[in-house]
Amino acid sequence: MSHQTDPQSTALRNPETSRRVLIVGGVAGGASCAARLRRLDESSEILMIDRGPYVSFANCGLPYYVGNVISDERRLLVASRELFHERFNIDVLTDTEATSIDRGARTITVRDMRTGNNRLEHYDILVLSPGAAPIRPALPGVELPGVFAVRTIPDTRRIRSWIVERGAKTAVVVGGGFIGLEMVENLIHRELSVAILEKLSQVMPPLDAEMAVPLMEHLSAKGVQLHLGDGLARIEERDGGGLVVVAESGARLPADLVILAIGVRPETMLAKDAGLKIGPRGGIVVDPQMRTSDPNIWAVGDVVEVQDVLTGQETVLPLAGPANRQGRVAAESIAGRATQFRGVQATAVVGVLGLTVASTGASEKGLRRAGVTSFEKVYLHPGHHAGYYPGARQIHLKLLFSVPEGRILGAQAVGFEGVEKRIDVIATAIQFNGTVHDLAEAELCYAPQFGAAKDPVNLAGMLAENVLNGDMPVADWLEIDRTGALLLDVREADEFTRGHLPKAINLPLSQLRSRYVELPKDRDIWVCCAVGQRAYFATRFLMQHGYRSLNLSGGYATYQAVKAAGLLP
Ligand code: FAD
């Protein structure tokens, strides 16, 4: 079908408005930009277009609509077309796709998706917020009925109907990142039996492998089948109905429905065709005011490349918080203010069947990829509140910091309660260029049911300070099979018997003061306990008696995670 382009722009200029601002994409970044701009500028005409049937809907709520946690679809609609018009005098065209940009004439061609008709819309200023599209690999079967990606409300409607109409009992989620895991949780709410197929050897790729172990154990305990280190080869129809997901290994996973959640790709087609500068990570290049290589065009959200404040490298980060803030920055810039976007640090959280996983800043593998070597790390496993108050639950926490400055580089945490609170505190410290000393000193809420007088955040800072000032040198778990050091386990004998490091000797902390002379002074001694605390006490004692002692941070709990992650032979 070919459609005529109407050369007459519908945009007959309103003589009372100073300029026409056209926004492509009316959800997180686009809608924030439109609303903020109106608050700053009553005189511009603002038109927002979206190819979908809605603007300003809660993409982040979509998995929970599939899971029936949100049962009323209307709850996903944050603001309607009518509200934009009545409250903000912002015009909205839905079911309208921008298909090309003529930068010279300052027009875009738009297609009415209902009629197929094209027409031109004039702009003085154009804002692009088209988001990122789920990746659909060009593999056999990915277009079969019953294979879904999750991006829009209509997508979730189709998944809901499929579950009901087909009486779906089994699902395969391809991809174990945020969206994949949220879909796992919600399909389990719908009482489906779920398998994850993930190409990497871990779920939640932003985490360091050992930090993903508690999550993987939790998923397994909840009955989720994990097929890790295995990619998608194809999807086939099953005799008698249903699908089979065939993995690269040849494994065949039957499924009544398949969710593809293997990542997203910035929707840069419009920008590329218009000759806007695209960066090495595949996103539109923007300056700190979110302006593209064309001075009349701004871009925000999942489609842009932004600077990672920790590594200094360009990155794409498809998250709602940055998209919203960038929309606001673009509006301020369009309104003539000097506001700048300060970059991203990848603060994120996901809840999976009761477990919370959160992270901020760089991971250890990210630092290594970026060529950063002058950093250290500590692991700790404190309770989420004071141990004497009933119900304390462990948080597994890893903190990365620069050496010798102690600048906080990143943190990851996994646990049941209080996880995101700790990561948010550390994220805020990072935003202020904070150091581990700031974490040690942070004055945080404390009453027994909420935290501890030394909150996990304080403890992380104190441990890191001890490393920096030489009070507690740490040994690297990844060296444990190669080291010539004596491995000393200072737990009690019964704990040691239940499991210990290969080649470790046992001298419990309770006997150390009377027996320490048995230890060699001419070798490094790497000290291990359950979570790192007794090993710290032992390290301090031994160092003050002339021994070369280092703590194996995080203790046997961390060893087990490092081992389970396959990081040790
Ligand atoms: P979007 O919000 O995706 O909006 C882009 C809009 O542009 C779309 O409506 C699209 O139809 C429209 N469009 C594209 N091209 C055109 C065109 N040519 N013409 C007209 N319209 C066009 N982030 C979090 O931080 N936390 C979460 O918990 C979270 N959960 C998520 C769950 C799901 C299922 C999904 C899909 C995303 C989730 N995200 C989450 C990511 C977050 O939603 C995005 O980062 C954010 O919405 C990006 O905003 P954006 O404005 O760049 O794009």
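Residues numbered from 1 in each chain as written. Predicted model: local features only at pLDDT ≥ 70, side-chain atom pairs only at ≥ 80, totals over all residues. Heavy atoms only, no water.

Draft legend 1. Representation of the overall build of the protein. When helices and strands are tallied, the protein shows 16 helices and 32 strands. Here the protein has a C-alpha radius of gyration of 27 Å; the compact-globule value for 569 residues is 25 Å, and the two agree. The buried share of the protein, taken over its 569 residues, is 53%. Expressed as a percentage of contacts within the protein between residues at least 6 apart in sequence, the contacts between residues at least 24 apart total 63%. Just so you have it, the protein exposes about 24900 Å², and 50% of that area is on carbon and sulfur atoms. Distance between charge centroids for the protein: 1 Å, based on 60 positive and 64 negative side chains. (Helix = DSSP H or I, 4+ residues; strand = E, 2+ residues; numbered from the N terminus. Rg over C-alpha atoms; globule rule 2.2 N^0.38 Å. Buried < 20%, exposed > 50% of the residue type's maximum accessible area, 1.4 Å probe, protein only. Contact = heavy atoms within 4.5 Å. Areas by Shrake-Rupley, 256 points an atom, 1.4 Å probe, with all protein chains shown as cover. Lys, Arg positive; Asp, Glu negative; His and termini not counted. Charge placed at Lys NZ, Arg CZ, Asp CG, Glu CD.)

Draft legend 2. View of helix α12 (residues 456-468). Helix length check: α12 (13 residues) gives 18 Å between terminal C-alpha atoms against 18 Å at 1.5 Å per residue, within 8%. Restricting attention to buried positions, one finds in α12 the residues P456, V457, N458, A460, G461, L463, A464, N466 and V467. Summarising the contacts, the buried residues of α12 are in contact with β25 (375-380), β26 (395-402), α10 (419-431), α11 (436-441), β28 (474-475) and α15 (533-544). Structurally, the start of α12 carries an N-cap: the backbone nitrogen of V457 is 2.9 Å from a side-chain oxygen of D455. (Expected span 1.5 Å × (residues − 1). Polar contact = N/O pair within 3.5 Å; in protein donor to acceptor, adjacent residues only side chain to side chain.)

Draft legend 3. Summary view of a nonpolar patch on the surface. A cluster of nonpolar side chains, namely Y388, Y389 and Y446, defines an oily patch on the protein surface of about 340 Å² accessible area. When you line up the elements, Y389 lands in the loop between β25 and β26. For Y389, a relative accessible area of 34% puts it in the partly exposed group. (Patch = residues over 30% accessible without salt bridge, like charges linked within 9 Å, V, L, I, M, F, W, Y side chains within 5 Å. Salt bridge = Lys/Arg side-chain N within 4 Å of Asp/Glu carboxyl O.)

Draft legend 4. Highlighting the site of the ligand. As a structural note, the neighbourhood of the ligand is formed by 28 residues, with G29, D50, S129, D302 and A320 the closest of them. G29 places a polar main-chain atom, nitrogen or oxygen, 2.7 Å from an oxygen atom of the ligand. In this structure, an oxygen atom belonging to the ligand sits 3.2 Å away from a side-chain N or O atom of N59. Isolated, the ligand exposes 1000 Å² of accessible area, and the fraction of that covered by the protein chains is 89%. (Near = heavy atom within 4 Å.)

Draft legend 5. Main features of the sheet that holds strand β31 (residues 524-528). The parallel open sheet is built from five strands, whose spatial order is β28-β32-β31-β29-β30. Pairing within the sheet leaves two strands with one partner each, and these edge strands are β28 and β30 (505-506). By the bridge criterion, two bridges tie β28 to strand β32 (residues 548-552) in an arrangement that is parallel. Bridged to V474 within β32 is N551. (Pairing = 2+ DSSP bridges.)

Draft legend 6. Looking closely at the sheet that holds strand β22 (residues 314-315). The three strands are arranged β19-β21-β22 in an open sheet whose pairing can be described as mixed. If you trace the sheet from one side to the other, it starts and ends with β19 (284-285) and β22, each paired once. Of the pairings in the sheet, the one linking β19 to strand β21 (residues 304-307) comprises two bridges and is parallel in character. Paired with V285 across the bridge in β21 is E305.

Draft legend 7. Summary view of the nonpolar core. One finds L219, L257, I259 and L501 to be the most contacted residues of the largest nonpolar core, which totals 61 residues. In this structure, I259 is in contact with F148, V150, I159, V172, V173, V174, M183 and L187, ignoring residues within four places of it in sequence. By size, the runner-up hydrophobic cluster in this structure holds 48 residues, among which are L22, L37, A299 and F341. (Core = buried A, V, L, I, M, F, W, Y, C linked by side-chain atoms within 4.5 Å.)

Draft legend 8. Focus on the side chain of D308. Locating D308 in the fold gives a position in the loop between β21 and β22. We note that D308 is buried and unpaired, the nearest opposite charge coming from R407 at a distance of 7.6 Å. In this structure, D308 is in contact with Q313, T315 and V344, ignoring residues within four places of it in sequence.

Draft legend 9. A look at the confidence of the model for the protein. The pLDDT averaged across the protein works out to 95; a share of 97% of its residues lies at or above 70. Below pLDDT 50 for its whole length, residues 1-13 participates in 26 contacts with residues either more than four positions away or in separate chains. (pLDDT = per-residue confidence, 0-100.)

Draft legend 10. Quick peek at the pattern of salt bridges. By the definition in use, this model includes 34 salt bridges. In this structure, the salt-bridge partner of R238 is D256, at a minimum N-O distance of 3.1 Å. Note that R238 is positioned in the loop between β14 (232-237) and β15 (243-247) and D256 in the loop between β16 (252-255) and β17 (257-260), a separation of 18 residues in sequence. The class of R238 is partly exposed, set by a relative accessible area of 28%. In the salt-bridge network here, residues are joined through shared partners; they are D208, E210, E364, R368, K377, K398 and D476.

Draft legend 11. Looking closely at the packing of aromatic side chains. A full pass over the atoms with the stated rule returns seven aromatic pairs. A centroid spacing of 6.2 Å and a plane angle of 50 degrees characterise the contact between F84 and F88, whose relative ring orientation is tilted. Taken together, the residues F84 and F88, both in helix α3 (residues 81-88) and four residues apart, mark about one turn of the helix. Assessed through its relative accessible area of 3%, F84 is described here as buried. Aromatic rings pair up to connect W477, Y556 and Y559 into one cluster. In this structure, R166 packs its charged tip against the face of W162, placed 3.9 Å from the ring centre. Taking NZ or CZ as reference, R491 lies 4.6 Å from the ring centre of Y556, over its face. (Phe/Tyr/Trp six-rings, centres within 6.5 Å; stacked < 30°, edge-to-face > 60°. Lys NZ or Arg CZ within 6 Å of the ring centre and 35° of its normal.)

Draft legend 12. Focus on the pairing of strand β4 (residues 90-93). Burial of β4 is one-sided: the residues I90 and V92 facing one way are buried, the residues D91 and L93 facing the other way are not. The pairing of strand β3 (residues 45-49) with β4 spans four bridges and is parallel. Bridging across to β4, M48 finds its partner in V92.

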